[in-house]
Amino acid sequence: MHLRTQAVVLDLDGTLLDHEGAARAALAAWLPGLGVEVTAALVDAWFAAEEEHFSAWRAGEIDFAEQRRRRLRDVLPLAGLEGGSDDGLDQVFAGYVAHYEASWTAFPDVEPMLAALRARNVPLAVLTNGTEDQQHAKLRAVGLDGRVGSVFTAEGLGVAKPARASYVQVCAALGVVPEEALHVGDRYDLDVVAARAAGLQAVHLDRDGRGPFDEPERIVSLAELPGYLGW
């Protein structure tokens, strides 16, 4: 199906930037420094803790530093390490962040997609569940700063996906009604279901082939996006 839109709203992590790859690389470098063997079970526990506690931050239940501490409180005991004080946990997490930041990379399909959209003068924006400092730092690190339109973060907006207001505020800033905007991202719940509930069109970027496979607006690479839309 070809879609006709007036603007494209892109997710950041998992869509433009390889968050999972950076996190895995960071764990592989960081955990041995703590005297911990990197195992599949420990990595899975890390991502499970990230999802649980980042969701709590997204919902406004805890602050950003606390969601990091809670991740460590969940995972460190699994590695035989004690949690410690808030300050101590913050220092430990800083070690992970250093490796995570050093591992930031953009997906290789981003540049061809941007070139195709720029050639057609398609207005772009980024909507991301994250903090102002970190999300802008990611874009600078991978050479996308200033090249993907305005950047809207959960922290900056004061509301996060999947809240309807987050998508609507971005559309208003772009000067389009939600029905004229297309949201593209890797999270089916946040980037497709919730975006459509807010009135936007949506395409699911299913890089890892996890489905749902009955989703008609599904691509596996951003390189498919321009042709998919019929521009």
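Everything here concerns the structure above.
What this report covers is the structure whose coordinates are included nearby. (Residues numbered from 1 in each chain as written. Predicted model: local features only at pLDDT ≥ 70, side-chain atom pairs only at ≥ 80, totals over all residues. Heavy atoms only, no water.)

Moving on, we come to the packing of aromatic side chains. Taken as a whole, this structure holds 10 aromatic pairs when the rule is applied. Between F54 and W57, the aromatic rings sit 5.1 Å apart at their centres with planes inclined by 45°, giving tilted as the arrangement. Taken as a pair, F54 and W57 lie in helix 2 (residues 40-58) at a separation of 3 residues, close to a single helical turn. Summarising the aromatic geometry, the rings of Y100 and W104 are spaced 5.6 Å apart at their centres and angled 85° between planes, so their arrangement reads as edge-to-face. (Phe/Tyr/Trp six-rings, centres within 6.5 Å; stacked < 30°, edge-to-face > 60°. Helix = DSSP H or I, 4+ residues; strand = E, 2+ residues; numbered from the N terminus.)

Our next topic: helix 4 (residues 86-102). Each full turn of the α-helix corresponds to 3.6 residues, which orients residues three or four apart in the same direction. Helix length check: helix 4, at 17 residues, gives a terminal C-alpha distance of 24 Å against a target of 24 Å (1.5 Å per residue), a fit within 8%. Listed in full, the buried residues belonging to helix 4 are L89, F93, Y96, V97 and Y100. Down the axis of helix 4, the smallest arc covering the buried residues is 110°, so these residues share one side. Helix 4 presents D87, Q91 and A102 as exposed residues on the side facing more than 90 degrees away from its buried surface. (Expected span 1.5 Å × (residues − 1). Buried < 20%, exposed > 50% of the residue type's maximum accessible area, 1.4 Å probe, protein only. Arc of directions from axis to C-beta.)

Helix length check: helix 2, at 19 residues, gives a terminal C-alpha distance of 27 Å against a target of 27 Å (1.5 Å per residue), a fit within 8%. For helix 2, the full list of buried residues reads L42, V43, A45, W46, F47, A49, E50, H53, F54, S55, A56 and W57. Buried-residue contacts for helix 2 involve helix 1 (19-30), helix 3 (64-75), helix 4 and helix 7 (154-157). Phi turns positive one or two residues past the end of helix 2, at G60, with a value near 80°. (Contact = heavy atoms within 4.5 Å.)

In this section: the pairing of strand 5 (residues 201-205). The side chains of a regular strand alternate between both faces of the sheet. Most of strand 5 sits out of view: 5 of its 5 residues are buried. Bridging between strand 4 (residues 181-185) and strand 5 involves 4 bridges; their strand directions are parallel. Among the inter-strand pairings, H183 is bridged to a residue of strand 5, identified as A202. At this point the chain moves from strand 4, through helix 9 (residues 188-197), to the parallel strand 5, and the crossover so formed is right-handed. The sheet contact formed by strand 5 and strand 6 (residues 218-219) spans 2 bridges and is parallel. Bridging across to strand 6, L205 finds its partner in I219. (Pairing = 2+ DSSP bridges. Right-handed = clockwise from strand over helix to strand, strands pointing away.)

Honestly, it's all geometry; don't read function into it.
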